[in-house]
Amino acid sequence: MNTIFVAGHSKLPGGMAANNISDTLTLTLEVDKHYGVIVDASCTLMTEHSKQFVRQLLKGFSLKDGIEEPLTQLREGYLGKAGNALSAALKDAHKQYEMYPEALNK
């Protein structure tokens, strides 16, 4: 397999519909091993539209280049209550990605 699966987690703000299911947000990324490019993304936001929007925002960025640009895209593109939680989950996913360099060198 040429990709790895990375997950990041964060706490959702109060008063969101997603809080009825869980108080945490999970952001998952499928990442190309060689280039670090996000080939697919998903999150535990409630609506399918929000999940697709986050996917479109993150696809194509390389985690090897850091996360400043995708964080900027999230801040500028996602204006809902979960914006800070999405950013925190992306930071956590990037941290997980960097913790396992042996998975990237195969």
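Residues numbered from 1 in each chain as written. Predicted model: local features only at pLDDT ≥ 70, side-chain atom pairs only at ≥ 80, totals over all residues. Heavy atoms only, no water.

Engineer: Mind showing me how you'd approach the confidence of the model for the chain here?
Structural biologist: One rule of thumb: low pLDDT means the predicted coordinates there are not for detailed reading. Here the chain shows a mean pLDDT of 88. Residues at 70 or above account for 87%. The least confident element of the chain, judged by mean pLDDT, is helix H4 (residues 101–104) at 62; the most confident is strand E3 (residues 38–43) at 97. (pLDDT = per-residue confidence, 0-100. Helix = DSSP H or I, 4+ residues; strand = E, 2+ residues; numbered from the N terminus.)

Engineer: What is the right way to read the nonpolar core from this model?
Structural biologist: As a rule of thumb, nonpolar side chains are buried together in soluble globular proteins. Judged by nonpolar contacts, the single largest core of 27 residues is most densely connected at Leu27, Leu29, Leu45, Val54, Leu58, Leu86 and Leu90. At the level of elements, strand E1 (3–11), strand E2 (24–32), E3, helix H1 (48–58), helix H2 (68–77) and helix H3 (83–99) are the ones that each hand at least two residues to this core. Residue contributions to this core peak at six residues, all from H3. Those residues within four positions of Val54 in sequence are excluded, and the remaining contacts are Leu27, Cys43, Leu45, Tyr78 and Leu86. (Core = buried A, V, L, I, M, F, W, Y, C linked by side-chain atoms within 4.5 Å. Buried < 20%, exposed > 50% of the residue type's maximum accessible area, 1.4 Å probe, protein only. Contact = heavy atoms within 4.5 Å.)

Engineer: So what exactly am I meant to see when it comes to the packing of H2 against H3 here?
Structural biologist: Packed helices, taken two at a time, are described by their axes: the angle between them and the distance between them. Orientation of H2 relative to H3, taken along the N-to-C sense of each, is 165°, at an axis distance of 10 Å. With respect to each other, H2 and H3 are oriented roughly antiparallel. With respect to the hand of their crossing, H2 and H3 are arranged in right-handed fashion. Residues Pro70, Leu71, Leu74 and Arg75 of H2 lie in contact with H3, whose contacting residues are Leu86, Ser87, Leu90 and Lys91. Across the contact of H2 with H3, the residue classes tally to five nonpolar, one polar and two charged. (Axes fitted to C-alpha atoms, helices over the stretch in contact; angles between N-to-C directions. Parallel < 35°, antiparallel > 145°, perpendicular 65-115°, else oblique. Left-handed = near helix turned anticlockwise from the far one by under 90°. Nonpolar A, V, L, I, M, F, W, Y, C, P; charged D, E, K, R; others polar.)

Engineer: Explain the environment of Ala85 to me, please; I cannot follow it from the model alone.
Structural biologist: Within the secondary structure, Ala85 sits in helix H3. In this structure Ala85 comes out as buried when scored by relative accessible area, which is 4%. Sequence-wise, Ala85 and Thr24 are 61 residues apart; in three dimensions their C-alpha atoms are separated by 8.4 Å. In contact with Ala85, not counting residues within four places along its chain, are Ser10, Lys11, Leu12, Pro13 and Leu25.

Engineer: I tried to follow the pattern of salt bridges on my own but got confused; where do I start?
Structural biologist: Two side chains carrying opposite charge are able to pair once their charged atoms lie near each other. The final tally for this structure, using the stated rule, is two salt bridges. Ionic pairing is found between Lys11 and Asp23, a salt bridge with its closest N-O pair at 3.6 Å. Note that Lys11 is positioned in strand E1 and Asp23 in the loop between E1 and E2, a separation of twelve residues in sequence. On the basis of relative accessibility, which here comes to 59%, the residue Lys11 falls in the exposed class. (Salt bridge = Lys/Arg side-chain N within 4 Å of Asp/Glu carboxyl O.)

Engineer: Please explain H1 as it appears in this structure.
Structural biologist: Taken as a whole, H1 has its buried residues at Ser50, Val54, Leu57 and Leu58. Projected down its long axis, H1 shows its buried positions confined to an angular sector of 85°, all on one face. Facing away from the buried side of H1 by over 90 degrees, the exposed positions are His49 and Gln56. Turning to H1, the residues buried within the fold contact E2, E3, H2 and H3. (Arc of directions from axis to C-beta.)

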